[in-house]
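Structural characterization, general
Listed below are the residues making up each chain.
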Amino acid sequence: MELWYNKNSAPTFDIKTSKSILHHFIFGNYKGHTLNVYQGCQHRCGYCYATYEWSPEFYDKIYAKNNAPELLENEIKNWRSGTIDPVMISSATDAYQPAELKYELTRKCIKVLQKYNIPYYVFTKSTLISRDLELHERYKSNCFIVWSITTHDESIRRCIEPGTPPASAMFKTIKNFGNRGIRTAVNIDPIIPLITDSLENIDMIITSCKTAGVKNVYGAFLRIRFDIWQRMKSIFKLLSKESDLLIQHYKKLYNFTEPIRYNYNLNIDKNYEARFLRIVDKKVRENGMSIGFPGLEGISYDKRTKFKNVDKNQLALTDYI
Ligand code: SF4
């Protein structure tokens, strides 16, 4: 069976030099800068949105941007605007994939952000982030850690995202972070129709969120692109003897025929989505948590004071939320 990664060998590493590292984004009510210190990802999620043509070996060859910490510091020092929006680590890779144990680029970049008082939030599926628990704890008023968790079912997880840790291990990590006063959230994303959108799975995730002390939960359905669709068909074959039936259901739910046009993003049927997200919303609130993430805002950045006494002048994300 054709898989989207090389099953017979572990990912390999290489180093590259980047020309820039902070990239501005606006998404709905959120705005900020993305920071990706790796290209490629060992977590090997079949549904990944970050796989583009410039990275054909995305799952098998990981590039470490070895000049990222110096570049980040230079970009901050030469910042032209009076405000710096929060930094989102990472949008197109996982900052705490195993490569981080070897290169420590995420850790070094976080130290730079802390040095300049810049708020950040980390999106990860990893437990390796525990290595930096004390580092984030020192900065807990100005950071926010979000774990993306799709399923509690190990047989499903091993097929759809074979490089990630089990949900139970991630929830233990989340609890440790919450116990230290670091704000944590869970992103149930993507919710994969007919595979992870069972009430049982969502119940288990939301109950685990509550037990782990999570305050914010968010959920979103899978979007399909031409390359994601090819991988989804492999996933269907791994998970079901009736993969053709799943393909037919998806064509109805996402209203498409093959081939999917290059770079089209297909969204699930609005009624199906709304019905299920209402259930998620209700369960999250019943368990005393909030839906969505607090909007994070940037800090005023006065070049005259940027190297002075940063602890004393530090602004907290909580000043804005
Ligand atoms: S962890 Fe994120 S970046 Fe990495 S493969 Fe999974 S979805 Fe893609």
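A quick note: this is a predicted structure, and the numbers were derived from the prediction, not measured.

Thresholds, definitions, all that
Residues numbered from 1 in each chain as written. Predicted model: local features only at pLDDT ≥ 70, side-chain atom pairs only at ≥ 80, totals over all residues. Heavy atoms only, no water. Near = heavy atom within 4 Å. Nonpolar A, V, L, I, M, F, W, Y, C, P; charged D, E, K, R; others polar. Disulfide = S-S within 2.5 Å. Salt bridge = Lys/Arg side-chain N within 4 Å of Asp/Glu carboxyl O. Helix = DSSP H or I, 4+ residues; strand = E, 2+ residues; numbered from the N terminus. Buried < 20%, exposed > 50% of the residue type's maximum accessible area, 1.4 Å probe, protein only. Pairing = 2+ DSSP bridges. UniProt positions renumbered as here; feature names shortened; annotations may be inferred. Axes fitted to C-alpha atoms, helices over the stretch in contact; angles between N-to-C directions. Parallel < 35°, antiparallel > 145°, perpendicular 65-115°, else oblique. Left-handed = near helix turned anticlockwise from the far one by under 90°. Contact = heavy atoms within 4.5 Å. Phe/Tyr/Trp six-rings, centres within 6.5 Å; stacked < 30°, edge-to-face > 60°. Lys NZ or Arg CZ within 6 Å of the ring centre and 35° of its normal. Core = buried A, V, L, I, M, F, W, Y, C linked by side-chain atoms within 4.5 Å. Patch = residues over 30% accessible without salt bridge, like charges linked within 9 Å, V, L, I, M, F, W, Y side chains within 5 Å. Areas by Shrake-Rupley, 256 points an atom, 1.4 Å probe, with all protein chains shown as cover.

Now for the site of the ligand. Close to the ligand lie Cys-41, His-43, Arg-44, Cys-45, Cys-48, Thr-93, Asp-94 and Lys-125. Split by residue class, the shell around the ligand holds three nonpolar, two polar and three charged.

What follows covers the state of the cysteines. Taken as a whole, this structure holds zero disulfides when the rule is applied. With no disulfide partner, Cys-109 has as its closest neighbouring cysteine sulfur the one in Cys-143, 15 Å distant.

A few words on the pattern of salt bridges. The full count for this structure, using the stated rule, is 19 salt bridges. Between Lys-31 and Asp-85 there is a salt bridge whose closest N-O contact spans 4.0 Å. Here Lys-31 is found in strand β3 (residues 30-35), whereas its partner Asp-85 is found in the loop between β6 (83-84) and β7 (87-89), with 54 residues between them in sequence. Take Lys-31: its relative accessible area is 42%, and that puts it in the partly exposed class. Accessibility expressed as a relative area gives 10% for Asp-85, which makes it buried. Within this structure, Glu-100, Arg-107, Arg-131 and Asp-132 form a network of salt bridges that share partners.

Look at any regular strand and the pattern is simple: side chains alternate between the two faces of the sheet. Burial within strand β10 (residues 183-191) is extensive, with eight of its nine residues counted as buried. Here β10 pairs with strand β11 (residues 216-221) via five bridges, running parallel. When the bridges of β11 are listed, Ile-188 appears paired with Gly-219.

This part takes up the UniProt feature "domain: Radical SAM core" (unreviewed entry) in the chain. Using the residue numbers shown here, the UniProt feature "domain: Radical SAM core" (unreviewed entry) corresponds to residues 36-192. Here residues 36-192 is 32% helix and 20% strand, with 25 Å between the C-alpha atoms at its ends.

Our next topic: the packing of helix α8 (residues 226-239) against helix α9 (residues 243-254). Here α8 crosses α9 at 140 degrees, and the two axes come no closer than 8 Å. Compared by their axis directions, α8 and α9 come out oblique. In this structure, α8 crosses over α9, and the sense of that crossing is right-handed. Along its contact with α8, which presents Trp-229, Met-232, Lys-233, Phe-236 and Lys-237, the element α9 presents Ser-243, Leu-246, Ile-247 and Tyr-250. Each residue belonging to the contact of α8 with α9 can be placed in one class, and the counts come to six nonpolar, one polar and two charged.

A full pass over the atoms with the stated rule returns 15 aromatic pairs. With centroids separated by 5.1 Å and ring planes inclined at 45 degrees, the aromatic side chains of Phe-226 and Tyr-262 adopt a geometry described as tilted. Of this pair, Phe-226 sits in helix α8 while Tyr-262 sits in the loop between α9 and α10 (270-286), placing them 36 residues apart in sequence. Its relative accessible area of 28% is what places Phe-226 among the partly exposed residues. Among the aromatic residues, those joined into a ring-pair cluster are Trp-229, Phe-236, Tyr-250, Tyr-254 and Phe-256. Directly above the aromatic system of Tyr-49 lies the positively charged group of Arg-223, at a separation of 4.3 Å from the ring centroid. Seen from the ring of Tyr-52, Arg-225 lies directly overhead, with NZ or CZ sitting 4.5 Å from the centre.

Membership of the largest hydrophobic core comes to 87 residues, with the highest contact counts inside it found for Leu-35, Met-232 and Tyr-250. Filtering out sequence-adjacent residues up to four positions away, Met-232 remains in contact with Tyr-47, Ile-192, Leu-222 and Tyr-250. Grouped together as the second largest cluster of nonpolar side chains are eight residues, Phe-25, Tyr-121, Ala-185 and Phe-293 included.

Right, let's get into the sheet that holds β3. Pairing is mixed in the open sheet, where eight strands are placed in the order β2-β3-β7-β8-β9-β10-β11-β12. With one partner strand each, in any of the chains shown, β2 (22-27) and β12 (290-291) form the two edges of the open sheet. Pairing analysis gives six bridges linking β2 to β3, with the strands arranged antiparallel. Residue pairing across strands places His-23 opposite Thr-34, the latter belonging to β3. The sheet strands contacting helix α6 (residues 167-179) are β9 (143-148) and β10, and the helix crosses β9 at an angle near 165 degrees.

This part covers a nonpolar patch on the surface. The grouping of Met-1, Leu-238 and Leu-239 at the surface amounts to a nonpolar patch, some 270 Å² of accessible area in total. Its location among the elements puts Leu-239 in helix α8.

Right, let's talk about the environment of Glu-286 for a bit. Following the sequence through the fold, Glu-286 ends up in helix α10. Measuring from C-alpha to C-alpha, the distance between Glu-286 and Val-37 comes to 38 Å, with 249 residues separating the pair along the chain.

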